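The primary structure of each chain is shown beneath.
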Amino acid sequence: MTNKLSLQLAGVALAALALVGLAGCAGTQAAYQAADTLPETAKVVSEHYYALLREANDLADAGAPDSFVARAQEIEREATPIVLSLREASEAYVAISTADNAEALQDALNEAVPLVSRFVDLIREL
Amino acid sequence: MDPKNLAIISLRALAQLFRSQGAPKRAESLDLLADGIKSGADIDDHMQSVADALEAGASADWDDIHARITAESDRLRDR
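My aim in this report is to walk through the structure given alongside it, one point at a time.

Structural notes on the overall build of chain A
- For chain A, the helix and strand inventory stands at five helices and zero strands.
- Walking chain A from its N terminus toward its C terminus, one meets helices and strands in the order α-α-α-α-α.
- Relative to all contacts within chain A whose residues are 6 or more apart in sequence, the contacts with residues 24 or more apart total 72%.

Spelled out as structure tokens, the structure:
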């Protein structure tokens, strides 16, 4: 792995760890730490987003306030297309591991992680 | 017992007590707090399974991940 790629991966990992906080989320931390490559990180971010979406729905079913549902829907509208785009960037990189493809996947992750973080914050605030 | 489960059970019991004493708003607040803790536990359980799969050299198929995300997105949008 190139030094630049190592730095990029470390950057994403740090951002992801900041995303989950450093306490009380052992499983989530374990998942981000288990990802050794950008494509694995892309899957972890996607799985995290899925779990957050599912919980937002379950909380809505359990009677969460309308304001929570509205905010969740607002975040989802912006986040879902970006999270879903991780697949294409990841598969392009896996197919041909060029610096350009690595950078594209890194850029996609940099865009997706803050949006996933907004969902984390929303559920924590409930 | 897992501290999170203990907290959830305690909160639910207290919520039920408030409900029986005619304090539905307090009960609802406690239920939402329990839901929040449970949701964190559910998310963490899922992510632990993701971690375990990665450690075992496996991960979910992208089609599967996308199908799950799309299903939950539709579920949220259709409210």
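Okay, back to it.
Some words on the packing of helix α3 (residues 38-61) of chain A against helix α3 (residues 62-77) of chain B
- In contact at an axis separation of 9 Å, α3(A) and α3(B) are set at 30 degrees when each is read in the N-to-C sense. Taken together, α3(A) and α3(B) sit at an angle that is classed as roughly parallel. Two packed elements cross with a definite hand, and for α3(A) against α3(B) that hand is left-handed. Residues A:Ala42, A:Lys43, A:Ser46, A:Glu47, A:Tyr49, A:Tyr50, A:Leu53, A:Arg54, A:Asn57, A:Asp58 and A:Asp61 of α3(A) touch α3(B), and the partners they reach there are B:Trp62, B:Ile65, B:Arg68, B:Ile69, B:Glu72, B:Ser73, B:Arg75 and B:Leu76.

Description of the interface of chain B and chain A
- Contact residues are listed per partner, giving 30 residues for chain B and 47 residues for chain A.
- A combined buried area of about 3,500 Å² lies between chain B and chain A, and 62% of that area is made up of carbon and sulfur atoms.
- Considering only the surface of chain B that becomes buried against chain A, B:Met47, B:Trp62 and B:Leu76 emerge as the three largest contributors, covering 21% of it.
- Note that B:Arg79 is salt-bridged to A:Asp61, the shortest N-O span being 2.8 Å.
- Counting the contacts that link chain B with chain A gives 19 residue pairs in polar contact (both at pLDDT 80 or more).
- Listed by contribution, the elements that provide at least two residues to the side of chain B that touches chain A are α2 (24-55) and α3 of chain B.
- In terms of residue count, the dominant contributor to the side of chain B that touches chain A is α2(B) (14 residues).
- For the side of chain B that touches chain A, a count of residues per class yields eleven nonpolar, seven polar and twelve charged.

Basis of the calculations
Residues numbered from 1 in each chain as written. Chains lettered and ligands numbered in written order. Predicted model: local features only at pLDDT ≥ 70, side-chain atom pairs only at ≥ 80, totals over all residues. Heavy atoms only, no water. Helix = DSSP H or I, 4+ residues; strand = E, 2+ residues; numbered from the N terminus. Contact = heavy atoms within 4.5 Å. Axes fitted to C-alpha atoms, helices over the stretch in contact; angles between N-to-C directions. Parallel < 35°, antiparallel > 145°, perpendicular 65-115°, else oblique. Left-handed = near helix turned anticlockwise from the far one by under 90°. Buried area = accessible area lost by both parts, 1.4 Å probe. Salt bridge = Lys/Arg side-chain N within 4 Å of Asp/Glu carboxyl O. Polar contact = N/O pair within 3.5 Å; in protein donor to acceptor, adjacent residues only side chain to side chain. Nonpolar A, V, L, I, M, F, W, Y, C, P; charged D, E, K, R; others polar.

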